[in-house]
Amino acid sequence: MEFCSLLFIYGFFPLSVLIFMLTPKKFRNGVLLAESALFCGLYGLSFLVIIISAVIWNYLFGLLIGSGKKQFLRRILLFFGIAGNLSLFFVFRISAFNVGLHRITAASAGICFLTLNTIGYLLDVNRKKTDAERDIFRLGLYLMLFTKFPMGPIVNYKAFSAMLDNRDCNISTLGGGIELFIIGAAKKIFFADNLYALYDAVHSMNISEVSAISAWLGSAAYLLCLYFTLSGYSDMGAGLSQCFGFHFRKSFDYPCVSSGLGKFCRSWHISVVKWFDEYFIAPLRKVNASGIVQIAVFILSRGIIGLWYSFRPGLFIWGCLIGSAAVIERRLAAKRPLRATALIYTSIILLVCTVFFFGDTLSYSLRYLFAMVGGTNNIADTASLTLFKTYIVVFLVGLYASTDLFRNVLIRSKKRIIKAAADILTPFFMLALLILCTALISGSGESAMMLNIL
């Protein structure tokens, strides 16, 4: 079951919230855990068994690591605990890749986030940053919570535990959560799915005949589609979590229109990037303080983030290229360009790197780049003009929606009447968005799942 399905939007979600609200407070965590187990179980009994096994595995190793007196013993236990989590990740991802489950689903994406959450938990217990959880049901809710299981965000257990004990569920949080969920659904259903159609039209062409304009359009469409897909699911998850009293930080901060590669790295999949910074880069920096080594580790970490999305060489290259460009930019910080200049060169670099993200093979990616620079001796043709005319509206609207321009207008507006009008019109606008999303997915019952990541 996907967030962008009629079964979830009009069935599982409202029923789960209703049951949760009608349950006495002292039993709500148990009800939410049961609902999360049911959500995972809808992907198959075997998948539910895998998730429960992961909970038990990390519960036991958390207790063993937390009670270990000698550091050497704790490190051995930590090694085996992490090895078990990584084994689950690699086995599942390799098998999923072979049978085609590497498309975005709650099952495949959930394993990715589950792995980072479990490893982070064991590392925090070993570092004494959090106590080992003695209540397996609380740890199970942390790892299985259906509102954040599919697409995060990644939250350390100490912060989650604090929210678990001090959260309030009322009409205000429920309304805000539903609004955020609808916005996320609109991102995925309206923007991502339509932009994917533009990318797919280019991708289906003979690469040796693709015009330069079509190639650039395809790359731009995929980048925006990727952003709206990931941020859409993240917003839906954050909105669902808010309905149950959890308030998680946003995962994206308008990265597609960034005035610099450094800003892009800081605003793209924030919780994932911070996890790698804290648990991968920071420990290695303590081992070797050499500037060259730290740069290499930073670039490597970005490449590993790419592999975390999907086991393809192109994803590793994508991450390393962006990391390298960010390092070069930081080295040239003394010669800071104008904002407009930074926006232009950042956009060009991102569009070039994106080719490695969606390329099925390295050969295809290189040939696609060749087409982008006019290597096919075809700058523009009737196909590119047709695509431009067909998708220009959704492309421009999507480009605008990927920025914070509208939000800034409301924030900076000093006229109370504008803010009052926005407050009055928002519920009607959200209802219209929900109706539009429902209409768009009514044919198949769910939004198209298409990107070959996670």
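Quick note: structure is the one above.
Residues numbered from 1 in each chain as written. Predicted model: local features only at pLDDT ≥ 70, side-chain atom pairs only at ≥ 80, totals over all residues. Heavy atoms only, no water.

*Asks:* Just give me the short version of the overall build of the protein, but keep the residues and values in it.
*Replies:* Scanning the protein from terminus to terminus reveals 18 helices and 0 strands. For the protein, with 454 residues in total, the buried portion stands at 52%. Residue pairs at least 24 apart in sequence account for 78% of intrachain contacts in the protein once pairs closer than 6 positions are excluded. Surface summary for the protein: the accessible area is close to 21,300 Å², and the carbon and sulfur share equals 68%. (Helix = DSSP H or I, 4+ residues; strand = E, 2+ residues; numbered from the N terminus. Buried < 20%, exposed > 50% of the residue type's maximum accessible area, 1.4 Å probe, protein only. Contact = heavy atoms within 4.5 Å. Areas by Shrake-Rupley, 256 points an atom, 1.4 Å probe, with all protein chains shown as cover.)

*Asks:* For helix α11 (residues 270–287), give the residues involved together with the corresponding values.
*Replies:* Taking 1.5 Å as the rise per residue, α11 with 18 residues should run 26 Å; its terminal C-alpha atoms sit 25 Å apart, in good agreement. Maximal helix bending in α11 amounts to about 35°, located at Ile281; proline Pro283 follows within four positions. Among all positions of α11, only Ile270, Ser271, Val272, Val273, Trp275, Phe276, Tyr279 and Ile281 are buried. (Expected span 1.5 Å × (residues − 1). Bend = angle between axes of the 7 residues up to and from the residue.)

*Asks:* With reference to specific residues and values, describe the environment of Ile392.
*Replies:* Examined against the element boundaries, Ile392 turns out to sit in helix α16 (residues 382–401). With 194 residues separating them in the primary sequence, Ile392 and Leu198 have C-alpha atoms 9.8 Å apart.

*Asks:* Please give an account of a nonpolar patch on the surface that cites residues and values.
*Replies:* On the surface, Leu15, Leu18, Ile19 and Leu22 cluster together into a nonpolar patch covering about 420 Å² of accessible area. Topologically, Leu18 is positioned in helix α1 (residues 6–22). Assessed through its relative accessible area of 46%, Leu18 is described here as partly exposed. (Patch = residues over 30% accessible without salt bridge, like charges linked within 9 Å, V, L, I, M, F, W, Y side chains within 5 Å. Salt bridge = Lys/Arg side-chain N within 4 Å of Asp/Glu carboxyl O.)

*Asks:* So what's going on with the nonpolar core? Residues and values would help.
*Replies:* Residues Phe8, Phe160, Phe246, Trp268, Trp308, Tyr309 and Tyr368 are the most contacted members of the largest nonpolar core, which totals 132 residues. Per-element tally for this core: the top contributor is helix α9 (residues 212–243), with 15 residues. With near-sequence residues (within four places) excluded, Phe160 lies in contact with Arg138, Leu141, Tyr142, Leu145, Lys148, Val155, Phe246 and Phe248. (Core = buried A, V, L, I, M, F, W, Y, C linked by side-chain atoms within 4.5 Å.)

*Asks:* An account of the side chain of Ser214 is requested, with residue identities and associated values reported.
*Replies:* Within the secondary structure, Ser214 sits in helix α9. Residue contacts for Ser214: discarding those within four places in its chain leaves Val202, Met205, Tyr368, Asp381, Ala383, Ser384 and Leu387.

*Asks:* Please set out the packing of aromatic side chains residue by residue, giving values where relevant.
*Replies:* For the structure on display, the rule yields 46 aromatic pairs. Seen in terms of ring centroids, Phe39 and Phe146 are 5.7 Å apart; in terms of plane orientation they differ by 35°. Their pairing is tilted. Of this pair, Phe39 sits in helix α2 (residues 25–41) while Phe146 sits in the loop between α6 (136–144) and α7 (157–165), and the two are 107 residues apart along the sequence. Considering the side-chain rings of Phe89 and Phe311, the 5.7 Å spacing of their centres and the 85° angle between planes classify their relative orientation as edge-to-face. Here Phe89 is found in helix α4 (residues 71–99), whereas its partner Phe311 is found in the loop between α12 (291–309) and α13 (313–331), with 222 residues between them in sequence. Its relative accessible area of 6% is what places Phe89 among the buried residues. Here a set of aromatic residues connected by ring pairs shows up, and it is made of Phe3, Phe8, Phe12, Phe13, Phe20, Phe39, Tyr43, Phe47, Phe146, Phe149, Phe181 and Phe244. Its end group placed over the ring of Phe20, Arg28 keeps NZ or CZ at 5.0 Å from the ring centre. Geometry around Phe298 places Arg330 over its ring, the cationic atom sitting 5.3 Å from the centre. (Phe/Tyr/Trp six-rings, centres within 6.5 Å; stacked < 30°, edge-to-face > 60°. Lys NZ or Arg CZ within 6 Å of the ring centre and 35° of its normal.)

*Asks:* Describe the packing of helix α14 (residues 339–358) against helix α15 (residues 362–372), with residues and values.
*Replies:* One way to put it is that α14 packs onto α15 with a least axis distance of 8 Å and a crossing angle of 150°. The angle between α14 and α15 falls in the class roughly antiparallel. Of the two elements, α14 crosses α15, and the hand of that crossing is right-handed. Two secondary-structure elements touch here, α14 through Leu351, Val352, Val355, Phe356 and Phe358 and α15 through Leu362, Tyr364, Ser365, Leu366, Tyr368, Leu369 and Met372. Looking at the contact of α14 with α15 residue by residue, the class counts come to 11 nonpolar, 1 polar and no charged. (Axes fitted to C-alpha atoms, helices over the stretch in contact; angles between N-to-C directions. Parallel < 35°, antiparallel > 145°, perpendicular 65-115°, else oblique. Left-handed = near helix turned anticlockwise from the far one by under 90°. Nonpolar A, V, L, I, M, F, W, Y, C, P; charged D, E, K, R; others polar.)

*Asks:* Tell me about helix α3 (residues 45–67), residues and numbers included.
*Replies:* For α3, spanning 23 residues, the distance from its first C-alpha to its last is 33 Å, which sits close to the expected 33 Å at 1.5 Å a residue. Among the residues of α3, Phe47, Leu48, Ile51, Ala54, Val55, Asn58, Tyr59, Phe61, Gly62 and Ile65 are the ones counted as buried.

*Asks:* Break down the packing of α11 against α12 for me, with residues and values.
*Replies:* Two elements in contact, α11 and α12, have axes separated by 10 Å at closest approach and are oriented at 140°. In this structure, α11 meets α12 at a crossing whose hand is right-handed. When α11 is examined against α12, the residues Val272, Val273, Phe276, Asp277, Phe280, Ile281, Leu284 and Arg285 are found in contact with a partner set consisting of Gln294, Val297, Phe298, Leu300, Ser301, Arg302, Ile304, Ile305 and Trp308. Taken together, the residues that form the contact of α11 with α12 break down as 12 nonpolar, 2 polar and 3 charged.

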